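# Breakdown of the fold
Here are the chains, one letter per residue:
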Amino acid sequence: MLPAAEAEAKILDLVSLPTEVEQVPLDAALGHILAHPIPSPLDFPHWDNSAMDGYAVRYDDVQGASAEAPVALTLTEAIPAGRSPTLPVGPGQAARILTGSMVPAGADTIVMQEVTQRQGDRVLVLEAPAPAQFVRHRGSYCRAGDPLMARGLAIGGPELAVLAAAQCIQVPVFPQLRVAILSTGDELVTPEMPLQPGQIVDSNQYALAALVRQAGAIPVSLGIVPDQPQALRAAIESALAQAEVIVSSGGVSVGDYDYVDEILAELGATLHICSVAVKPGKPLTVATFPAENGSAPLYFGLPGNPVSALVTFWRFVAPALRKRSGLGAGWGPVFVPAITRHALNAGGQRETYLWGRLEMAADGCSFELAGGGHISGNLINLAGTNALAIVPVGTQMIPAGETVRVMVVN
Ligand code: AMP
Ligand code: MG
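Residues numbered from 1 in each chain as written. Chains lettered and ligands numbered in written order. Predicted model: local features only at pLDDT ≥ 70, side-chain atom pairs only at ≥ 80, totals over all residues. Heavy atoms only, no water.

This brings us to the nonpolar core. Phe-300, Leu-302, Phe-313 and Leu-321 are the most contacted members of the largest nonpolar core, which totals 43 residues. For this core, the secondary-structure elements that each account for two or more residues are α1 (4-14), β13 (178-184), α4 (203-214), β17 (245-249), β21 (298-302), α7 (306-325), β24 (351-361) and β26 (387-391). Residues in contact with Phe-300, not counting those within four places in the same chain, are Ile-11, Val-245, Ile-246, Val-247, Ser-248, Thr-285, Val-286, Phe-316, Val-317 and Ala-320. Residues Ala-180, Ala-235, Ile-236 and Leu-267 belong to the second largest nonpolar core, which totals 19 residues. (Core = buried A, V, L, I, M, F, W, Y, C linked by side-chain atoms within 4.5 Å. Buried < 20%, exposed > 50% of the residue type's maximum accessible area, 1.4 Å probe, protein only. Helix = DSSP H or I, 4+ residues; strand = E, 2+ residues; numbered from the N terminus. Contact = heavy atoms within 4.5 Å.)

Structure, rendered in structure tokens:
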């Protein structure tokens, strides 16, 4: 049994980075990962412009202005945002300017409206500004040619804003990873089937498809496979033809009908991991198939119990998917310290993951253990989970009020 951290490192080592690149239109880029760095095609801001509604002035004219000795300036023109100034500002002159308007030639400082008094075609300046005040200078955020965004960045709302501003209408991204999902077990049925005695619904198919999507990949749901070696072999072969990563649940224990490892070996896969010292989730199979065009298809055989399947996905599969998808950094889970509100019990032999909610407050984080049984077959108290508290190997109980390491799961 491999310790969790070693298993994680070993898995990430097996995962290659993507090499293919595709172009997607800007409005379809959400959730993709940038495959090339994006240099800025333009200066940001594109021209000197005003950060305030007010008047564009020459600093030298107004440096002595005060309420007692206001400086009177003659107005040249009003410059709305979106239009070029038509006149320079000479000594003794000012232009009316609005937020975002281009600063006219000759002016170097903006006086905000609140410290002025308008008198027809003149304006009185009642306070001395700082030199260059409220001018956003051309290129002060970023210069043309400077890097705007790095390769490996996940594209969300802020990144789309930057790409749009840079007029990047075709975005170079890594193709989204396709992840096949198989559920093994004679007892499994789809949710619309009337349940016969002994049957249960294949809930893992839904949970795993959702987590694959959350990890930025495309789930290919391949349904239920009966516990028959030939059916399992055919299902894995079909999955290999459609996806780069296969995630199955069930059939990896030592039971009479657990065929996954045997079939993987038959199909020429290399088994790298068969069990990890975590609870829930001990029987975890990780294998690779011989590489075709550069990258080796990956196989994750998760335990069937619904909680075990989710915990092992969060802990070991999601980081692998993030790396394989081309994400530049932050593959692993996020761990934070939190005060546990309940005592946490564990066996002490394996790293134990207890599910519940991480609450963030001004005075720090706390962990609220989900009520009900913490056994791997009980999926009912999983709803609402956003974190797993971790009890390390060698510890049997963490009392309420103590700080515990918590893994954030969504
Ligand atoms: P296994 O790992 O195949 O021995 O399955 C362990 C337990 O998980 C059994 O009680 C199964 O009925 C249950 N199980 C297996 N696969 C699924 C699934 N896809 N959805 C829900 N429960 C499952
Ligand atoms: Mg089974």
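Lining the immediate environment of ligand 1, one finds 16 residues, of which Glu-187, Asp-202, Gly-251, Gly-304 and Asn-305 sit closest. The backbone of Ser-203 places a nitrogen or oxygen atom 3.2 Å from a nitrogen atom of ligand 1. In the environment of ligand 1, a nitrogen atom lies 3.3 Å from a nitrogen or oxygen atom belonging to the backbone of Asn-204. When ligand 1 sits alone it has 480 Å² of accessible area, and the protein chains cover 79% of it. Among the secondary structure elements, those contributing two or more residues to the shell around ligand 1 are β13, β15 (200-201) and α4. For the shell around ligand 1, the per-class residue count stands at four nonpolar, ten polar and two charged. (Near = heavy atom within 4 Å. Polar contact = N/O pair within 3.5 Å; in protein donor to acceptor, adjacent residues only side chain to side chain. Areas by Shrake-Rupley, 256 points an atom, 1.4 Å probe, with all protein chains shown as cover. Nonpolar A, V, L, I, M, F, W, Y, C, P; charged D, E, K, R; others polar.)

With that settled, the discussion passes to the sheet that holds strand β6 (residues 93-97). Backbone-to-backbone hydrogen bonds pair the strands of a sheet. The strands run either parallel or antiparallel. Taking strand neighbours across the sheet as the criterion, the six strands line up as β7-β4-β6-β5-β9-β8 in an open arrangement whose pairing is mixed. Strand pairing shows two members of the sheet lacking a second neighbour, β7 (109-112) and β8 (116-119), which therefore form its edges. For this sheet, the mean inter-axis angle between neighbouring strands, taken without regard to orientation, is 35°. Two strands pair when backbone bridges link them, and strand β5 (residues 71-79) and strand β9 (residues 122-125) are joined in this way by four bridges, in the antiparallel orientation. Directly across from Ala-72, in β9, lies its bridge partner Leu-124. (Pairing = 2+ DSSP bridges. Axes fitted to C-alpha atoms, helices over the stretch in contact; angles between N-to-C directions.)

It is worth spelling out helix α5 (residues 229-242) at this point. Between its terminal C-alpha atoms α5 stretches 20 Å, which fits the 20 Å expected from 14 residues at 1.5 Å a residue. Those residues of α5 hidden inside the fold are in contact with β13, β16 (218-225), β17, α6 (260-266) and β21. (Expected span 1.5 Å × (residues − 1).)

Bending of α7 peaks at approximately 45° at the position of Phe-313. Of all 20 residues making up α7, 19 are buried, and the element is well covered by its neighbours. Gly-326 sits one or two residues past α7 and shows a positive phi near 100°. (Bend = angle between axes of the 7 residues up to and from the residue.)

Along its sequence, the protein is organised into domain 1 (4-20 + 175-324), domain 2 (22-39 + 147-173), domain 3 (49-136) and domain 4 (334-408). If you average the C-alpha positions of domain 1 and of domain 3, the two centres end up 66 Å apart. (Domains from an automatic or database assignment.)

For the rest of this paragraph, the subject is unusual backbone geometry. Trans is the prevailing form of peptide bonds, just as negative phi is the prevailing case for residues other than glycine. Omega for the bond connecting Phe-44 with Pro-45 falls within 30 degrees of zero, at -15°, which places this linkage in the cis form. Among the secondary structure elements, Pro-45 is positioned in the loop between β2 (38-39) and β3 (49-50). Going from Lys-279 to Pro-280, the amide bond is cis rather than trans, its omega being 0°. Mapped onto the elements, Pro-280 comes out in the loop between β19 (278-279) and β20 (285-288). We note that Phe-134 has phi near 60°; this positive angle belongs to a residue other than glycine. Given a relative accessible area of 28%, Phe-134 falls into the partly exposed group. In this structure, Gln-167 is a non-glycine residue whose phi angle is positive, near 55°.

In this section: the side chain of Thr-312. Assignment of secondary structure puts Thr-312 in helix α7. For Thr-312, a relative accessible area of 0% translates into the label buried. Ignoring sequence-local partners within four residues, the contact set of Thr-312 consists of Gly-281, Leu-284, Leu-302, Pro-303 and Val-317.

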